[in-house]
Amino acid sequence: LNGKIYLVGGFAGGHHTLPSKGVYSYDPKTDTWQTLAPLSDVRGGVALAAVGGKLHAIGGRIMGEMGTLADHDVYDPATNSWSKAAPLPTARDHAAIFVVDGKIHLIGGRTGEATTNVALHDIYDPATDKWTSGPPMPTGRSSTAFAEYRGMLFIAGGECRMGKTYDEVEAYDIKANRWLTFPPLPAGRHGFAAAAADDKLFFF
């Protein structure tokens with residue numbers, strides 16, 4: 001947002017422990033970090049998106065394997081302050097998040113332990129402060145890699161299937177309003193990243 005990278009919440013310990021309410025921004029031009037107004041409470045596994053000049057911190061969990069949140073907080077960099085917005089219809093964390101035509105798409109995630117994956121696809125409109133439902137993801141999973149690429153919302157990998165990771169690659173075609181299945185990853189994985197660059201989609 002505005003040429004800066006933002007970090008909101010997170011866990012400082014293993015197995016979802018030591019949650020933080022800290023909020024920071026990094027300016028690549030000056031190579032400096034800035035401490036901003038914190039969240040109202042600690043949480044990790046938050047989905048974060050920039051839209052309309054503001055940041056939306058959605059969902060997450062407090063600590064451990066339970067206690068998922070439906071919280072939806074909005075940060076205004078002009079005032080360095082947070083406000084509340086319509087909560088998630090279903091509380092969850094470790095979800096994929098995208099911004100398409102000024103609306104936020106929150107897909108997948110989990111409602112508890114790593115096996116409580118959901119395929120939910122919720123769409124938030126900042127203009128009306130309301131959530132609606134989109135076509136669900138074919139394979140419910142959490143902690144995925146995700147990126148928009150060639151007009152599609154790609155989601156790859158994730159956890160947790162009988163103690164193992166997913167290798168599925170699926171994408172939501174925005175114009176066609178339907179999901180497509182692509183060749184799987186070379187191996188299952190979770191907690192990784194994706195990015196589109198130079199007309200290619202990279203998985204890290």
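Note on numbering: residues in each chain are counted from 1, in written sequence order. The model is predicted, so local features are restricted to residues of pLDDT at least 70 and side-chain atom pairs to those at 80 or more, both for listing and for counting; the totals for chains, interfaces and linings are taken over all residues. Values reported for side chains reflect all heavy atoms of the structure, with hydrogen atoms and water molecules removed beforehand.

Draft legend 1. Highlighting the sheet that holds strand β21 (residues 178–182). The criterion for strand pairing is that DSSP finds at least two bridges linking the strands in question. Only DSSP runs of H or I covering at least 4 residues are called helices, and only runs of E covering at least 2 are called strands; the numbering of each starts at the N terminus. Spatially, four strands are ordered β16-β17-β20-β21 in an open sheet, and the strand pairing comes out antiparallel. Of all strands in the sheet, those with a lone pairing partner are β16 (145–149) and β21, marking the two edges. For this sheet, the mean angle separating the axes of adjacent strands, direction not counted, is 25°. The pairing of strand β17 (residues 152–156) with strand β20 (residues 169–173) spans five bridges and is antiparallel. The residue bridging I155 from the neighbouring strand is E170, located in β20. Here an angle of 0 to 180 degrees is reported between the N-to-C directions of two axes, which are lines fitted to C-alpha atoms, with helices fitted over the stretch in contact.

Draft legend 2. Up close: unusual backbone geometry. A cis amide bond, omega 5°, links E159 with the succeeding residue C160. On the secondary structure map, C160 appears in strand β18 (residues 159–161). Unusually for a residue other than glycine, L18 sits at a positive phi of about 55°. Structurally, L18 is set in strand β3 (residues 17–19). Categorising residues by exposure relies on relative accessible area from a 1.4 Å probe, with only protein chains included: less than 20% of the type maximum marks a residue as buried, more than 50% marks it as exposed, and the intermediate range marks it as partly exposed. Overall, L18 belongs to the exposed group, its relative accessible area being 54%. For N177, which is not glycine, the phi torsion reads 55° and is therefore positive. Structurally, N177 can be placed in the loop between β20 and β21. The exposure class assigned to N177 is partly exposed, which follows from its relative accessible area of 43%.

Draft legend 3. Spatial organisation of the pattern of salt bridges. We count a salt bridge whenever a side-chain nitrogen from Lys or Arg sits within 4 Å of a carboxyl oxygen from Asp or Glu. The full count for this structure, using the stated rule, is ten salt bridges. Taking the shortest distance from any N to any O, the salt bridge between R43 and D73 comes out at 2.7 Å. Of this pair, R43 sits in the loop between β5 (32–35) and β6 (47–51) while D73 is found in strand β10 (residues 72–76), placing the two residues 30 residues apart along the sequence. We note a salt bridge from D71 to K84, for which the minimum N-O separation is 3.4 Å. Pair noted here: D71 is in the loop between β9 (66–68) and β10 and K84 is in strand β11 (residues 81–84), with a separation of 13 residues, a long-range link. Overall, the relative accessible area of 25% leaves D71 in the partly exposed class. Each member of the salt-bridge network shares a partner with another, and the members are R43, D71, D73 and K84.

Draft legend 4. Spatial organisation of the environment of R189. Inspection of the secondary structure assignment puts R189 in the loop between β21 and β22 (194–197). With 25 residues separating them along the chain, R189 and K164 place their C-alpha atoms 8.4 Å apart. Contacts are assigned to residue pairs that have any heavy atoms within 4.5 Å of one another. Ignoring sequence-local partners within four residues, the contact set of R189 consists of G157, G158, T165, Y166, F203 and F204.

Draft legend 5. Representation of the packing of aromatic side chains. Centres within 6.5 Å make a pair out of two Phe, Tyr or Trp rings, where for Trp the six-membered ring is used; the pair is then stacked when the planes are under 30 degrees apart, edge-to-face when over 60, and tilted otherwise. Tallied over the entire structure, the rule returns nine aromatic pairs. Residues F154 and F182 carry aromatic rings whose centres are separated by 4.8 Å and whose planes lie at 45° to one another, so their mutual orientation is tilted. In this pair, F154 sits in strand β17 while F182 sits in strand β21, placing the two residues 28 residues apart along the sequence. You can call F182 partly exposed: its relative accessible area is 27%. Ring plane angle 45° and centroid distance 5.7 Å describe the contact between Y172 and W179, whose orientation is recorded as tilted. Residue class for Y172 comes out buried when judged on its relative accessible area of 5%. Through successive ring pairs, a cluster of aromatic residues spans Y6, Y75 and W82.

Draft legend 6. Region of the structure containing the sheet that holds strand β7 (residues 54–58). Taken in spatial order, the four strands make up an open sheet running β6-β7-β10-β11, and their pairing is antiparallel. Single-partner strands in this sheet number two, and they are β6 and β11. The mean angle between the axes of side-by-side strands here comes to 25°, regardless of whether they run parallel or antiparallel. Pairing between β7 and β10: four bridges, direction antiparallel.

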